[in-house]
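# Tertiary structure, described
Residue-level listing of the chains:
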Amino acid sequence: MRSRTSRPLWVRLSLTYVGVALLAVVILAGITAVATERYVNVLVSERRDNLTRALLVDAASTYSTGKPGWSDADLGPALDLAARSGTDVAVLDGNGAVVATTFPHPRRAAGTQRHPIVINGQRVGTLDIHFNGRGLVASTDKLRRSLLHADVWSAGVAALLALGAAVLVARRLSEPVRALTAAASDVSRGNRNARVGVLRRVPAELVDLASTFDSMADTIVAEEQLRRDLVADVAHELRTPVAVLQANAEALLDGVLPHTPEQTASLHEEILRLARMVDDLQTLASAEAAALHLTRQRCDLAGIAESAVTAMEPSAASAGVRLTHQLDPVMIEGDPVRIHQIVTNLLSNAVKFGGPGSSTSVRVGPEGRDAVLVVSDDGPGIDPEDLPHVFERFWRGHAATSPTGTGIGLSIAHDLVVAHGGRLDVASGPGGGTQVTARFPASR
């Protein structure tokens with residue numbers, strides 16, 4: 001359940017994008033302001049130096065024009081140039097008397113700069129310059145204000161663009177998350193058909209997440225179907241012997257059937273059948289937890305296989321199946337009882353489905369870093385559409401109508417092989433026989 005203070009994902013992403021964009025704009029504006037202030041100061045300093053030099057040159061040339069001296073000097077052009085530049089200027093002669101000025105009391109004005117007027121190495125006067133708040137200074141202040149306004153507008157435009165882009169991207173990112181949440185909610189409410197489906201124009205991670213969720217939902221549906229099938233199969237398998245036992249017991253109680261050794265043997269056979277089914281179910285449950293209960297020790301896979309083949313020979317002979325074997329010693333770390341159970345299950349399946357007149361071979365030996373057990377038969381084989389399901393519980397495929405059994409032999413063998421750190425593979429084709437290969441890590 002969503003917290004009262006929590007915000008939707010797209011809102012959080014949008015705020016994050018906008019915050020990052022504004023932070024970048026502020027940093028850039030600060031850097032620009034510092035650089036601009038430095039540039040403006042340098043520019044003002046250069047302009048003032050140039051103006052000062054120009055006024056000094058103009059004053060010196062005016063002093064030298066006509067009769068040397070300040071008596072007939074025409075300083076109007078220089079004073080006009082200074083006035084247009086927002087500068088107060090005063091020209092004093094060599095004795096400090098004011099020759100021309102644009103501001104009163106130049107000697108008492110604060111911030112006045114004094115520069116000597118020198119001609120041929122001789123000081124002939126003084127140029128007093130006072131930069132007021134007009135002209136160049138006003139222009140630089142206006143430039144600063146313009147740059148500040150530009151920075152503020154840039155920040156606003158960047159924030160709006162970031163907000164638009166953030167909302168667009170955040171909604172696009174959050175849409176598949178919302179779809180996944182909705183599908184998960186439907187599944188939790190019992191809708192097993194809810195799926196996210198194919199997502200387009202979204203990051204690959206979200207596509208993988210949606211695909212994983214759909215696969216998980218498919219697995220849940222398959223497991224649910226398997227559970228229903230398991231209940232139905234167990235009920236079906238138990239119904240026949242229970243019905244036979246019930247009918248025969250009632251017939252004996254009612255005196256319809258005589259109590260003969262043959263009748264007792266028939267009841268005993270049905271009881272054994274029930275016991276085998278219960279044992280199979282117990283074995284399957286044990287196989288699932290085999291990794292927790294394996295008694296591992298160094299053992300010879302070939303010796304265990306030979307023992308299983310010897311025990312299976314009478315059953316194979318009665319079924320009309322010929323057993324052959326090629327057993328080369330190879331050591332593994334495993335539970336001999338469970339390994340024997342694996343070989344017995346594989347042999348039992350091969351004999352059962354091979355049929356009379358067929359042959360079954362067992363091969364054991366080292367292969368690279370593995371110890372390999374191969375059980376092959378030349379029976380009718382497994383249909384390609386049934387092959388992916390051979391390790392599923394109670395799966396007997398299209399051949400389930402002829403041989404009897406619960407259909408968990410290969411499932412038990414598979415779980416036990418995996419519990420030993422190995423792998424079980426089945427290769428088969430219609431009419432081409434079946435080969436089951438169990439690979440175990442060989443003992444070093």
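Here the structure is a predicted model, which is why all the values come from computation and not from measurement.

## With respect to the overall build of the protein
Looking only at helices and strands, the protein features nine helices and 11 strands. Within the protein, buried positions represent 35% of all 444 residues. Restricting to contacts in the protein with at least 6 residues of sequence separation, those with at least 24 account for 64%.

## Let's talk about the environment of Ile 382
The topology assignment puts Ile 382 in the loop between β9 (370-377) and α9 (409-419). Accessibility expressed as a relative area gives 18% for Ile 382, which makes it buried.

## Looking at α9
Within α9, the full set of buried residues consists of Leu 410, Ser 411, Ile 412, Ala 413, Leu 416, Val 417 and Ala 419. Just downstream of α9, Gly 421 is the residue with a positive phi angle, here 80°.

## Considerations on the pairing of strand β3 (residues 113-119)
Two elements, β3 and strand β4 (residues 122-131), share seven bridges in a ladder whose sense is antiparallel. By the bridge assignment, Arg 114 is partnered in β4 with Asp 128. Connecting β3 to the next strand, β4, in antiparallel fashion are two residues, including Asn 120 with a positive phi near 55°.

## Re the confidence of the model for the protein
The share of residues in the protein with pLDDT of 70 or more is 86%, and the mean pLDDT across the chain is 79. The model gives residues 399-403 a pLDDT under 50, and that stretch makes four contacts with residues more than four places away or in other chains.

## Notes on the nonpolar core
By size, the foremost hydrophobic cluster in this structure holds 40 residues, and its most contacted members are Leu 301, Ile 342, Leu 346, Leu 347, Val 364, Leu 373 and Phe 440. Secondary-structure elements contributing two or more residues to this core are α7 (301-318), β6 (322-327), α8 (336-354), β8 (359-367), β9, α9, β10 (423-428) and β11 (434-441). Among the elements that make up this core, the one with the highest residue count is α7 (eight residues). Not counting chain neighbours up to four residues away, the residues in contact with Ile 342 comprise Ala 413, Leu 416, Val 417 and Phe 440. Membership of the second largest hydrophobic core comes to 20 residues, among which are Leu 51, Val 89, Ala 100 and Val 124.

## Points about the sheet that holds β8
Reading across the sheet, the five strands line up as β6-β8-β9-β11-β10 and stay open at both edges, with mixed pairing between neighbours. Unpaired on one side and paired on the other, β6 and β10 mark the two borders of the sheet. In this sheet, adjacent strand axes meet at a mean angle of 15° when their direction is disregarded. Note: β6 against β8, six bridges, orientation parallel. Among the inter-strand pairings, Thr 324 is bridged to a residue of β8, identified as Ser 361. Its contacts with the sheet place α8 against β6, β8, β9, β10 and β11, and it is angled at close to 25° to β9. Relative to the sheet, α9 contacts β10 and β11, its axis offset from that of β10 by approximately 140°.

## Structural notes on the side chain of His 420
Inspection of the secondary structure puts His 420 in the loop between α9 and β10. With sequence-adjacent residues up to four places away left out, His 420 is seen in contact with Leu 294, Arg 296, Glu 333, Gly 334, Asp 335, Arg 338, Ile 339, Phe 440 and Pro 441.

## Focus: the side chain of Thr 126
Locating Thr 126 in the fold gives a position in strand β4. At a separation of 2.8 Å, a polar atom in the side chain of Thr 126 contacts the side chain of Arg 123. Beyond its immediate stretch of four places on either side in the chain, Thr 126 contacts Ala 90, Val 91, Leu 92, Asp 93, Arg 114, His 115 and Ile 117.

## Focus on a nonpolar patch on the surface
Together, Tyr 17, Leu 168 and Val 169 give the surface a local cluster of nonpolar side chains, amounting to about 270 Å² of exposed area. For Val 169, a relative accessible area of 35% gives the class partly exposed.

Reading the values: rules and limits
- Residues numbered from 1 in each chain as written.
- Predicted model: local features only at pLDDT ≥ 70, side-chain atom pairs only at ≥ 80, totals over all residues.
- Heavy atoms only, no water.
- Helix = DSSP H or I, 4+ residues; strand = E, 2+ residues; numbered from the N terminus.
- Buried < 20%, exposed > 50% of the residue type's maximum accessible area, 1.4 Å probe, protein only.
- Contact = heavy atoms within 4.5 Å.
- Pairing = 2+ DSSP bridges.
- pLDDT = per-residue confidence, 0-100.
- Core = buried A, V, L, I, M, F, W, Y, C linked by side-chain atoms within 4.5 Å.
- Axes fitted to C-alpha atoms, helices over the stretch in contact; angles between N-to-C directions.
- Polar contact = N/O pair within 3.5 Å; in protein donor to acceptor, adjacent residues only side chain to side chain.
- Patch = residues over 30% accessible without salt bridge, like charges linked within 9 Å, V, L, I, M, F, W, Y side chains within 5 Å.
- Areas by Shrake-Rupley, 256 points an atom, 1.4 Å probe, with all protein chains shown as cover.
- Salt bridge = Lys/Arg side-chain N within 4 Å of Asp/Glu carboxyl O.

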